[in-house]
Number of protein chains: 2
Amino acid sequence: MTDPTSPRTVRVDLGERSYDIVIGSGLIARAGAEIAARRPGIRCAVITDRNVAAAHLDSLVASLADAGVEAAPLVLEPGEKTKRFDELVRVCDHVLGARLERGDAVVALGGGVIGDLAGFAAGIVRRGMRFVQVPTSLLAQVDSSVGGKTGINSGHGKNLIGVFHQPELVLADTDVLDTLPIREFRAGYAEVAKYGLIDRPGFFAWLEANWREVFSGGPARIEAIATACQAKAEVVAADERESGARALLNLGHTFGHALEAATNYDSARLVHGEGVAIGMVLAHEFSARMNLASPDDAARVAHHLREVGLPTRMSDIEGGLPPTDILMTHVAQDKKVRRGALTFILTRGIGQSFIADDVPGDEVFRFLEDKRAS
Amino acid sequence: MTDPTSPRTVRVDLGERSYDIVIGSGLIARAGAEIAARRPGIRCAVITDRNVAAAHLDSLVASLADAGVEAAPLVLEPGEKTKRFDELVRVCDHVLGARLERGDAVVALGGGVIGDLAGFAAGIVRRGMRFVQVPTSLLAQVDSSVGGKTGINSGHGKNLIGVFHQPELVLADTDVLDTLPIREFRAGYAEVAKYGLIDRPGFFAWLEANWREVFSGGPARIEAIATACQAKAEVVAADERESGARALLNLGHTFGHALEAATNYDSARLVHGEGVAIGMVLAHEFSARMNLASPDDAARVAHHLREVGLPTRMSDIEGGLPPTDILMTHVAQDKKVRRGALTFILTRGIGQSFIADDVPGDEVFRFLEDKRAS
């Protein structure tokens, strides 16, 4: 019998770029030992933000020091705005200034913003250094930490500049989630539920029954995170560079990114996971409208996401949205677009999503016109 | 019998990232047809500099237009200073502003600076777009265009930020070299000779006999460029990410980079190929001093490089050099350094170079002290 509270390890299988995601309690305090055991003699730059630093930086640095791992910390401002070019320059300068070599590591201690930015820096300093993630948000643990996507935002859109750079190791400490604001935990939960909606109907049903325990902590939380990581790892292993099946991970994201862009990435109004929650409901509703799926499935998705406290409709976004033709330009700028045709992830029901090419833009336009008012 | 003036194609064998280098006369005028034949419907951003634009941009854009390939040109300032973060941002913004998609291409029309910068942008916009190189300097044709290294400079050193991003196609038009300043042609020639010194003693002897024809143009030029590209392609194919044998390509570069840094990358005093020329002579002389090779080989290398007009001694650099301990910090910051030990490419004779780990820093220091005065 396995102790349900002991750490779980998910292997991301990418040939010579394979790595482990360790998920469990108390991992920050064990980070130094985990890293030193895998790479004796390694040195680190630890990139974090002010909020996370206050809660966890001392503990991580002490753990590294105890294991004999030198660490040069850099504390950035929290928030999506940090994912920009001049902060990237700052991280690169810090890593070079610490005279780290190719075999040394950039450690990201934080949520998705820190992971994406530090991972991008790790991918470009000396044309690629080692990278270790210590994700401190639920979203980062289940999403950003699997798959090697890194990047920053551009005036033209979110995550439009970046590289694929796989971490060496991910340490997902589930205790740190207890101190997350509930809104942020919920936003991460949207991505957890997504894996059920993509191709694991049994997992979605399990979440409907067990979500309260996932929120309160304990074994169900570890189980949910491990299942989500495993699901993403399988998709990524099959399609590392997002040329095919990996697009399924974008379920809810084309609409979601457009809503984030339309609200100027203002996290007071909408955070990424909230955009994904609304986007997933829209993807199910649009699929029903195209007679691909039953409207009951869309209603079931909306019910569960609303039950955990997530927004599920465009009208849930405070402050209103720009006209639909502006929304459409954000939909079309999404980088999943191919040669002018609109590509969406649609579904035939819970856990039956698929990649739809050549979705007619005018259908999407009319759908958004109708939905924004509802 | 093959016509010695017809184009030569060198295949760089990197699995799914394999690509062709086409080397010959009149290729800019045929670029549109070459690109459209390989990727129908592709769109391009053409990145170039003011000098190259004046000579070749109209011809390239006309060739693309004739083949039905849309092209959005961006003209940057010439010179090494353009390899910096804010110019990278500018190129990324230009590519995104042209609404190019992942399957579209960034085309680099220029020398190594443009190739490194545009290739870096191609590697990070939308996490990797297609990349086509039209190298217009000898250095870019034989060196930067093979191997997928891209990057910019940092205050901490040259090429410290970048990615490995392979082009789809390289079109090396040998006619454009006729308009190069002789000093720039010579600098590129240092890298051509390097391939002889690494592991092709017969090619080095051929260059000693035929270098005048390489300089004046015609079949010997195409032959020399194709041989250099083939040599580099073989090394890169064996070690794409520079974890091992690829380090041989750095023959002359650890000293060369240090000299470039010591002259603040001031191209009036020293350009990259000149640094490499002096660096290769130093590598042969240091190898002789370590009793690894005969001093006659070092003399032969110095004689040939001097004969074509390249600098071969530190004292050839105008304006003097900083103290040797400063030079040493530039040597040690070089990114080929591993865990504090100094790694050099040394040699047992012409065409017998090898990777030497654990070269004692104090030997290097004393050698530089002696040599700078000679």
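Residues numbered from 1 in each chain as written. Chains lettered and ligands numbered in written order. Predicted model: local features only at pLDDT ≥ 70, side-chain atom pairs only at ≥ 80, totals over all residues. Heavy atoms only, no water.

- The name given to chain A in an unreviewed UniProt entry is 3-dehydroquinate synthase, with Hoeflea olei as the source organism.
- Taken from UniProt, the Function (unreviewed entry) comment for chain A reads in full: "Catalyzes the conversion of 3-deoxy-D-arabino-heptulosonate 7-phosphate (DAHP) to dehydroquinate (DHQ)." (UniProt positions renumbered as here; feature names shortened; annotations may be inferred.)

### Side note on the side chain of His272 of chain A
Residue and element names in this part refer to chain A.
- Summarising the element assignment, His272 is placed in helix H10 (residues 272-289).
- Side chain to side chain, His272 and Glu260 meet in a polar contact 2.9 Å long.
- Leaving out residues up to four positions away in the same chain, His272 has contacts with Leu139, Lys158, Glu191, His253, His257 and Glu260. (Helix = DSSP H or I, 4+ residues; strand = E, 2+ residues; numbered from the N terminus. Polar contact = N/O pair within 3.5 Å; in protein donor to acceptor, adjacent residues only side chain to side chain. Contact = heavy atoms within 4.5 Å.)

### Some words on the sheet that holds strand E1 (residues 8-12) of chain A
Residue and element names in this part refer to chain A.
- Reading across from one edge, E1-E2-E9-E6-E5-E3-E4 is the order of the seven strands in this open sheet, with mixed pairing throughout. Edge positions in the sheet fall to E1 and strand E4 (71-76), since each of these pairs with one other strand and no more. Here the average twist between neighbouring strands, direction ignored, is 15°.
- Pairing analysis gives five bridges linking strand E3 (residues 44-49) to strand E5 (residues 105-110), with the strands arranged parallel. Across the sheet, Val46 pairs through a bridge with Val107, a residue of E5. (Pairing = 2+ DSSP bridges. Axes fitted to C-alpha atoms, helices over the stretch in contact; angles between N-to-C directions.)

### Examining the environment of Ser59 of chain B
Residues and elements named next belong to chain B.
- Its location among the elements puts Ser59 in helix H2 (residues 50-66).
- In the structure, Ser59 is positioned 30 residues away from Ala29 in sequence and 6.2 Å away in space, judged by C-alpha atoms.
- Dropping the residues within four chain positions of it, Ser59 is found in contact with Ile28 and Ala29.

### A word on the interface of chain B and chain A
- With 39 residues of chain B in contact, the opposing surface of chain A contributes 39 residues.
- Counting the surface lost from both chain B and chain A, the interface buries some 3500 Å², and carbon and sulfur atoms represent 47% of this.
- Counting across the interface, chain B meets chain A through six residue pairs in polar contact (both at pLDDT 80 or more).
- Mapped by element, the contributors of at least two residues to the side of chain B that touches chain A are helix H3 (85-97), helix H4 (112-124), strand E8 (157-161) and helix H12 (324-333) of chain B.
- Among the elements that line the side of chain B that touches chain A, the one with the most residues is H3 of chain B, at seven residues.
- Class assignment for the residues of the side of chain B that touches chain A results in 14 nonpolar, twelve polar and 13 charged. (Buried area = accessible area lost by both parts, 1.4 Å probe. Nonpolar A, V, L, I, M, F, W, Y, C, P; charged D, E, K, R; others polar.)

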